[in-house]
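The residues making up each chain are set out below.
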Number of protein chains: 4
Amino acid sequence: MQLGMVGLGRMGGNLVRRLMRAGIGCVVWDRDPAVVAALAAEGAEAATDLPDLVRRLAAPRAVWVMLPAGAATEDAVAQLGGLLSPGDVAIDGGNGMWKDAIRRAGLLREAGIDMLDIGTSGGVWGLARGYCLMIGGPAAPVERLDPVFKALAPGEEAAAPTPGRSAAADPRPPQGYVHCGANGAGHFTKMVHNAVEYGMMQAMAEGLELLRQQGSEAVAPELRLDLDVPDITEAWRRGSVVASWLLDLTAQALAADGELSGYSGRVGDSGEGRWAVQAAIEAAVPAPVLSAALYSRFRSRQEAPFADRSLSAMRNAFGGHLEPK
Amino acid sequence: MQLGMVGLGRMGGNLVRRLMRAGIGCVVWDRDPAVVAALAAEGAEAATDLPDLVRRLAAPRAVWVMLPAGAATEDAVAQLGGLLSPGDVAIDGGNGMWKDAIRRAGLLREAGIDMLDIGTSGGVWGLARGYCLMIGGPAAPVERLDPVFKALAPGEEAAAPTPGRSAAADPRPPQGYVHCGANGAGHFTKMVHNAVEYGMMQAMAEGLELLRQQGSEAVAPELRLDLDVPDITEAWRRGSVVASWLLDLTAQALAADGELSGYSGRVGDSGEGRWAVQAAIEAAVPAPVLSAALYSRFRSRQEAPFADRSLSAMRNAFGGHLEPK
Amino acid sequence: MQLGMVGLGRMGGNLVRRLMRAGIGCVVWDRDPAVVAALAAEGAEAATDLPDLVRRLAAPRAVWVMLPAGAATEDAVAQLGGLLSPGDVAIDGGNGMWKDAIRRAGLLREAGIDMLDIGTSGGVWGLARGYCLMIGGPAAPVERLDPVFKALAPGEEAAAPTPGRSAAADPRPPQGYVHCGANGAGHFTKMVHNAVEYGMMQAMAEGLELLRQQGSEAVAPELRLDLDVPDITEAWRRGSVVASWLLDLTAQALAADGELSGYSGRVGDSGEGRWAVQAAIEAAVPAPVLSAALYSRFRSRQEAPFADRSLSAMRNAFGGHLEPK
Amino acid sequence: MQLGMVGLGRMGGNLVRRLMRAGIGCVVWDRDPAVVAALAAEGAEAATDLPDLVRRLAAPRAVWVMLPAGAATEDAVAQLGGLLSPGDVAIDGGNGMWKDAIRRAGLLREAGIDMLDIGTSGGVWGLARGYCLMIGGPAAPVERLDPVFKALAPGEEAAAPTPGRSAAADPRPPQGYVHCGANGAGHFTKMVHNAVEYGMMQAMAEGLELLRQQGSEAVAPELRLDLDVPDITEAWRRGSVVASWLLDLTAQALAADGELSGYSGRVGDSGEGRWAVQAAIEAAVPAPVLSAALYSRFRSRQEAPFADRSLSAMRNAFGGHLEPK
């Protein structure tokens, strides 16, 4: 088994490392020669450019594009359309937009090339823990590349078996990867995953602020409670209903600094949370929590936005309340 | 007709002025002698303290307490319980909590004294436009004080008649005052009014920000639109579905300063928006808009809250995203 | 002055009537000959098809397309591209998507034809009250068609002048129409208008339910309040901060039936509320109220959605709570 | 070590079982003799009433009240105030309101009796997995009862150690129990825990509906995706950011019935989600996700609520849209 990897950032590089550990040969390329050299030193085969990478792979080839969503991925997949041969597979990785995946797969299909869109969760921990893979595309290449997915995924032992799951059910999901459906399904599922992640994070964040704020002067003295947020999150990790990997990470961050004073609170968002809410609206699905989580991030990056100044202006106009500058 | 007014701030003072214009005699008191003197110069009868105010009124008396909700109102109503006589009426004005009104009315009732809880909308414009009054309490004193309410209310000509409203219906609401029900009903209705006000304001504010932001660098150049928000709000005032007094005030504020640069955007809230959401929760009423409007105000007064820093910390922990300070 | 109108539904037909009352000649066409005949009987000039309509107009022509957003409008505007001459104007009316307006205007511009995108608010009341017009496109045709817009708009007397609005400011917005900006700006502004409308409606709806629910068994008997919602909304129309056209209509509906028992509560939505939230997300504008209003409508049309069944399933799984069927 | 348990429902009974397994003697009482007899058969000492239970315990006594929040708990704790002696401990268990705990503790303190308020998470799984305990009250009884808490908690091995947690930190939280602070702190923390739980559940539920709805007719055919929700949740359990106990349970429910057709979707709520949002409002903490989760549950139990009928009525009034019955 052999794979080409285009884009050797944090995600692409570690995917290659995990594949090599499983004995899968990787031909790698990145526009930054230094990262190519670094992976070559760890055992990967270095390519000098995309055509060279394709040349170095034996047919039927599989090339995984792990670049930022948008123009970079668009260009690389388009280029692969000209370089690959019928029977080869291009993988649209990264956090891409699912409608783009559907469109790109249609273009490659005309050239006889299969495309898979794969969403990958696991972040900086994936190298050690394995990656959860959400795969969209035709069944044949998904089956052919099964060893690749199996090597990347965490494996069954990463969680206890689900009671009641049928023995006849697909054996792949319990290992941490899933063939979600036709093209687009991989990125769509990853998009929903990330939106759920935003919502869970925001639920936790609101709870933590509520715990902490109860000790503040915003609360009447006789009701004030001085709560140890780091210890509480640590305790919740065992036996409680909110036990989760996000809680583990939260407890870890709070163990390092209970005040979280090193964080700005200007929270980024990466596209998928946005697309998910837009998709919910297109499908008429109420998504109040997914939206609220997104808006909290938007708001965290604003200062005195026009909306708030409008409210101040209205209050002043009808009630003579001039908000303090 | 005669009324005692306790508390001569912006609201109490103008209520007195509007009553005097209608020929209703007012005995007034405030802990600040200067405002008492000012209203006396305009024709009100000055009292030196609360007992004096009660003494100066002929039975059956009516005393309107127009003080800040909370301790000030609590004290004044309790004092009135000792000063008034059976058959007199105490009015719990201001933006009080409806459960307090129910409790206070129960205490006064034991002494044979009626209480009315009255919510008053109109702000700094009420003197000229009239006040919308929401009244809770027993029917008899509401009827006896009808001339007071009629004098304060805007009157029928303030809006076109409602097509289809029955000729047999209560003639008071079309004049701008309403006997909402038993004690508590006045403040409850005013509380809901204010929560609706918050929601409408927030709807408008979000729309204005969206109009404005579309001209900003957050939007791709080919979709950017430079919109004249003051002119748009002015046009919306006529013929559109969002025509409203709040829009009139918004257009006015934008006519004075299209950037609203004189406003801090730290938006206050006065109790009723909070109580309304809490009441909705007690009655299991979904109130997403009323809540969102309230939370936007809370958030407008925070900087880098713990919740947002928690999100930053989680993102850093799983994805290595360190948010910029 | 002369105008062609394509699409004679509720909106198109009444626009023509209002124009004819102002002495503006209208050439009309609709795929339903009956509605063409009806308007011809009222004084409009009937066309037999779109080419005929164009032929009957003197250059420089102006043709207003008032068809459902989407394919119908797309087709008609495209057809007009082939029928009109340089210097003519096509109007993309209806509740169209602003990005479509930008695209369509670009196509027509290549043929030397100007396009205006116009959002129109006023509903079934517009014939009598006038329409609020939000116009996007180049300045020259906007100026040339000023008599048309002036005839359709409510006029200055429809609302009191805005204090402080500069005498040097654009005289059109105080009449109820506004040149919002370049192509797309008209539909974008109308989209935001409708989203604000959704938000204001939802604020009102939540308030009304809260008033009503307080008299129900969901509330403890000692706190229960039996509130007369029709009378309260009637009183709010005068002097209160929530006075608005939507409140007028609400009071009217409640005067006809205080229980609103004739309404299903399955609330439709027409595209603009959705696009507005999607636009907010693209511009990173927090829009919690606009979204909540939209989701309430989505939810009103669902029964036992999968999301809720999932919650039931989770509760059963961890707590043994089996929700009653 | 010995403990009295009052209330032997699902929670109380299993707490006793887990304590007995650890060799802690339990004296038990419930108003239902059958459940008392059942636990006696498993080794507990049966009491005939509350005074008898107190008599059977050696001083200093500890009595855990595990009854429904509200009147049942109120009565039992009040009764214990008359039965216990200085130096004894009463435990206010169950999902009680934190302000009640503060008040009750104050009353018992006057009689020299300590009270602890303990929130317990773990549901029907707690017997096997252990319970997460959140404890409020004075330090001395918390320390004295440490063997009880240790026996009930899951223990350190239930989760991996938190990297970076100081060796000098409190050793109890890593075992799954935490002394949160003074009286009220236990129930307050449990209340926040449950609100976070609601938020996480709702995030997951919205995501699942979005996945499922994408295969429905609400979506344009060319974008429709038929996604296997059971397999996707199974895969997410390993390596993904949303891995959590709630996800484990969701996957389990979906393995049993991918349609979740056995669930009504009328989702209950138990008080803590409500109190948490009310507490957030009192402390001016924005809680959009916690609120949205609560409102979704409220809405799931309504049919054609007045709010939605109001929206329909308004739409009909201004636009002539009569929503289908």
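Residues numbered from 1 in each chain as written. Chains lettered and ligands numbered in written order. Predicted model: local features only at pLDDT ≥ 70, side-chain atom pairs only at ≥ 80, totals over all residues. Heavy atoms only, no water.

- The name recorded for chain A in an unreviewed UniProt entry is Decarboxylating 6-phosphogluconate dehydrogenase, from Falsiroseomonas frigidaquae.
- As its UniProt record puts it under Sequence similarities (unreviewed entry), chain A is described as follows: "Belongs to the 6-phosphogluconate dehydrogenase family."
- Here is the UniProt Pathway (unreviewed entry) comment for chain A, exactly as written: "Carbohydrate degradation; pentose phosphate pathway." (UniProt positions renumbered as here; feature names shortened; annotations may be inferred.)

### What to know about the overall build of chain A
Move 1: Regarding its fold elements, chain A presents 14 helices and eight strands.
Move 2: Taken along its principal axes, the extent of the C-alpha atoms in chain A is 75 × 45 × 45 Å.
Move 3: Counting every position in chain A, which comprises 325 residues, the buried fraction comes to 63%.
Move 4: A separation of at least 24 residues holds for 63% of the contacts in chain A among residues at least 6 apart in sequence.
Move 5: Surface exposure of chain A reaches about 10,600 Å², of which carbon and sulfur atoms provide 53%.
Move 6: Side-chain charges in chain A split into 30 positive and 37 negative, and the spacing between the mean points of these groups amounts to 2 Å. (Helix = DSSP H or I, 4+ residues; strand = E, 2+ residues; numbered from the N terminus. Buried < 20%, exposed > 50% of the residue type's maximum accessible area, 1.4 Å probe, protein only. Contact = heavy atoms within 4.5 Å. Areas by Shrake-Rupley, 256 points an atom, 1.4 Å probe, with all protein chains shown as cover. Lys, Arg positive; Asp, Glu negative; His and termini not counted. Charge placed at Lys NZ, Arg CZ, Asp CG, Glu CD.)

### Structural notes on the relation of the copies chain A and chain C
One copy of the chain maps onto the other through a rotation about an axis plus a displacement along that axis.
Move 1: Rotating chain A by 180° and translating it 0.0 Å along the rotation axis places it on chain C, where the RMSD comes to 0.0 Å. One copy is carried onto the other by what is essentially a two-fold rotation axis. For chain A, the minimum C-alpha distance to the rotation axis belongs to Gln-278 of chain A and amounts to 2.9 Å.
Move 2: Counting the interface residues of chain A, we find that 100% of their copies in chain C are interface residues as well, pointing to one common contact surface. (Least-squares fit on C-alpha atoms with pLDDT ≥ 70 in both.)

### With respect to the relation of the copies chain A and chain D
Move 1: Overlaying chain A on chain D yields an RMSD of 0.0 Å, the required transformation being a rotation through 180° with an accompanying axial translation of 0.0 Å.
Move 2: Most of the interface of chain A is mirrored in chain D, where 100% of its interface residues are also at the interface.

### A closer look at the interface of chain A and chain D
Move 1: Of the residues lining the interface, 91 residues belong to chain A; the matching set on chain D comes to 91 residues.
Move 2: Carbon and sulfur atoms supply 69% of the area buried between chain A and chain D, which totals about 7,200 Å² over both sides.
Move 3: Of all residues in chain A, the largest losses of buried area upon contact with chain D belong to Leu-210, Arg-238 and Val-241 of chain A, amounting jointly to 11% of the total for that side.
Move 4: Counting across the chain A and chain D interface gives two salt bridges.
Move 5: The salt bridge partner of Asp-231 of chain D is Arg-165 of chain A, with a shortest N-O separation of 2.9 Å.
Move 6: Between the two partners, chain A and chain D, sit 26 residue pairs in polar contact (both at pLDDT 80 or more).
Move 7: When residues of the side of chain A that touches chain D are traced back to their parent elements, those giving at least two are helix 5 (98-110), strand 7 (132-136), strand 8 (177-181), helix 9 (185-213), helix 10 (229-236), helix 11 (245-256), helix 12 (272-282) and helix 13 (288-300) of chain A.
Move 8: It is helix 9 of chain A that provides the largest number of residues to the side of chain A that touches chain D, a total of 18 residues. (Buried area = accessible area lost by both parts, 1.4 Å probe. Salt bridge = Lys/Arg side-chain N within 4 Å of Asp/Glu carboxyl O. Polar contact = N/O pair within 3.5 Å; in protein donor to acceptor, adjacent residues only side chain to side chain.)

### Comments concerning helix 13 of chain A
Given 3.6 residues per turn, any residue in an α-helix points the same way as the ones three and four places further on.
Move 1: Its 13 residues give helix 13 of chain A an end-to-end C-alpha distance of 18 Å, which sits within 8% of 18 Å, the value for a rise of 1.5 Å per residue.
Move 2: When you tally the buried positions in helix 13 of chain A, you get twelve out of 13 residues, the bulk of the element. (Expected span 1.5 Å × (residues − 1).)

### Points about the packing of helix 12 (residues 272-282) of chain B against helix 13 (residues 288-300) of chain B
To describe two helices that pack against each other, one gives the angle between their axes and the distance between the axes.
Residue and element names in this part refer to chain B.
Move 1: Where helix 12 meets helix 13, the closest approach of the two axes is 10 Å, and the angle between their N-to-C directions is 140°. If you check the angle between helix 12 and helix 13, you find them oblique. Two packed elements cross with a definite hand, and for helix 12 against helix 13 that hand is left-handed. Counted together, Gly-273, Arg-274 and Val-277 of helix 12 and Leu-290, Ser-291, Leu-294 and Phe-298 of helix 13 form the full contact between these two elements. (Axes fitted to C-alpha atoms, helices over the stretch in contact; angles between N-to-C directions. Parallel < 35°, antiparallel > 145°, perpendicular 65-115°, else oblique. Left-handed = near helix turned anticlockwise from the far one by under 90°.)

### Re the sheet that holds strand 2 (residues 25-29) of chain D
All names here are of chain D.
Move 1: Pairing is mixed in the open sheet, where eight strands are placed in the order 3-2-1-4-5-6-7-8. Sheet topology places strand 3 (45-46) and strand 8 (177-181) at the edges, where each strand pairs with a single neighbour.
Move 2: The sheet contact formed by strand 6 (residues 114-121) and strand 7 (residues 132-136) spans five bridges and is antiparallel. Opposite Gly-119, over in strand 7, you have Met-134 as the bridge partner.
Move 3: Relative to strand 4 (residues 62-65), helix 4 (residues 71-83) is tilted by about 165°, and along the sheet it contacts strand 4, strand 5 (89-92) and strand 6. (Pairing = 2+ DSSP bridges.)

### Here's the deal with the pairing of strand 2 (residues 25-29) of chain B
Note on strand geometry: in a regular strand, side chains alternate between the two faces of the sheet.
Residue and element names in this part refer to chain B.
Move 1: Note that strand 1 (residues 2-6) and strand 2 share five bridges and pair parallel. Residue pairing in the sheet places Met-5 in a bridge with Val-28 of strand 2.
Move 2: The β-α-β motif built from strand 1, the intervening helix 1 (residues 10-21) and the parallel element strand 2 has right-handed crossover chirality.
Move 3: The parallel pair strand 2 and strand 3 (residues 45-46), bridged by helix 2 (residues 33-41), forms a crossover whose chirality is right-handed. (Right-handed = clockwise from strand over helix to strand, strands pointing away.)

### Remarks on the interface of chain A and chain C
A common way to report how large an interface is uses the accessible area buried once the components associate.
Move 1: Counting residues at the interface gives 20 residues for chain A and 20 residues for chain C.
Move 2: Summing the contributions of chain A and of chain C, the shared interface buries around 1,600 Å²; its carbon and sulfur component is 68%.
Move 3: Taken together, the connections running from chain A to chain C amount to zero salt bridges.
Move 4: In this assembly, chain A and chain C are joined by five residue pairs in polar contact (both at pLDDT 80 or more).
Move 5: Elements that contribute at least two residues to the side of chain A that touches chain C include exactly helix 12 and helix 13 of chain A.

### So, the confidence of the model for chain A
Move 1: Across chain A, the average pLDDT comes to 96, with 99% of residues at 70 or higher.
Move 2: Across the interfaces of the predicted complex, the ipTM metric reaches 0.96, alongside a pTM of 0.96. (pLDDT = per-residue confidence, 0-100.)

### Let's talk about empty space enclosed by the protein
All names here are of chain C.
Move 1: Within the structure shown, the criterion is met by two cavities of 30 Å³ or more.
Move 2: Volume-wise, the second largest cavity comes out at about 30 Å³.
Move 3: Lining of the second largest cavity is provided by Ala-69, Gly-70, Thr-73, Asp-92, Gly-93, Gly-96, Met-97, Asp-100 and Arg-104.
Move 4: Class assignment for the residues of the lining of the second largest cavity results in two nonpolar, four polar and three charged. (1 Å grid on protein atoms, 1.4 Å probe; cavity = no way out; pocket = protein on both sides within 12 Å on 5 of 7 lines; lining within 4 Å. Points joined across faces, edges and corners; volume = space filled by probe spheres on them. Nonpolar A, V, L, I, M, F, W, Y, C, P; charged D, E, K, R; others polar.)

### A look at the packing of helix 9 (residues 185-213) of chain C against helix 11 (residues 245-256) of chain C
All names here are of chain C.
Move 1: Following both chains from N to C, one finds helix 9 and helix 11 inclined at 45°, their axes separated by 11 Å at the closest point. Taken together, the axis directions place helix 9 and helix 11 in an arrangement best described as oblique. Where helix 9 crosses over helix 11, the handedness of that crossing is right-handed. Contact with helix 9, carried on its side by Glu-197, Met-200, Met-201, Met-204 and Leu-208, involves Leu-246, Leu-247, Thr-250 and Leu-254 of helix 11 and no other residues of that element.
Move 2: Within the contact of helix 9 with helix 11, the residues separate by chemical class into seven nonpolar, one polar and one charged.

### A word on the state of the cysteines
Move 1: For the coordinates displayed, the defined rule picks out zero disulfides over all chains.
Move 2: No disulfide involves Cys-180 of chain A; its sulfur sits 8.6 Å from that of Cys-132 of chain A, the nearest cysteine.
Move 3: A relative accessible area of 3% places Cys-180 of chain A in the buried class.
Move 4: Here Cys-26 of chain C stays unpaired: no disulfide links it, and the sulfur of Cys-132 of chain C, its closest cysteine neighbor, is 20 Å away. (Disulfide = S-S within 2.5 Å.)

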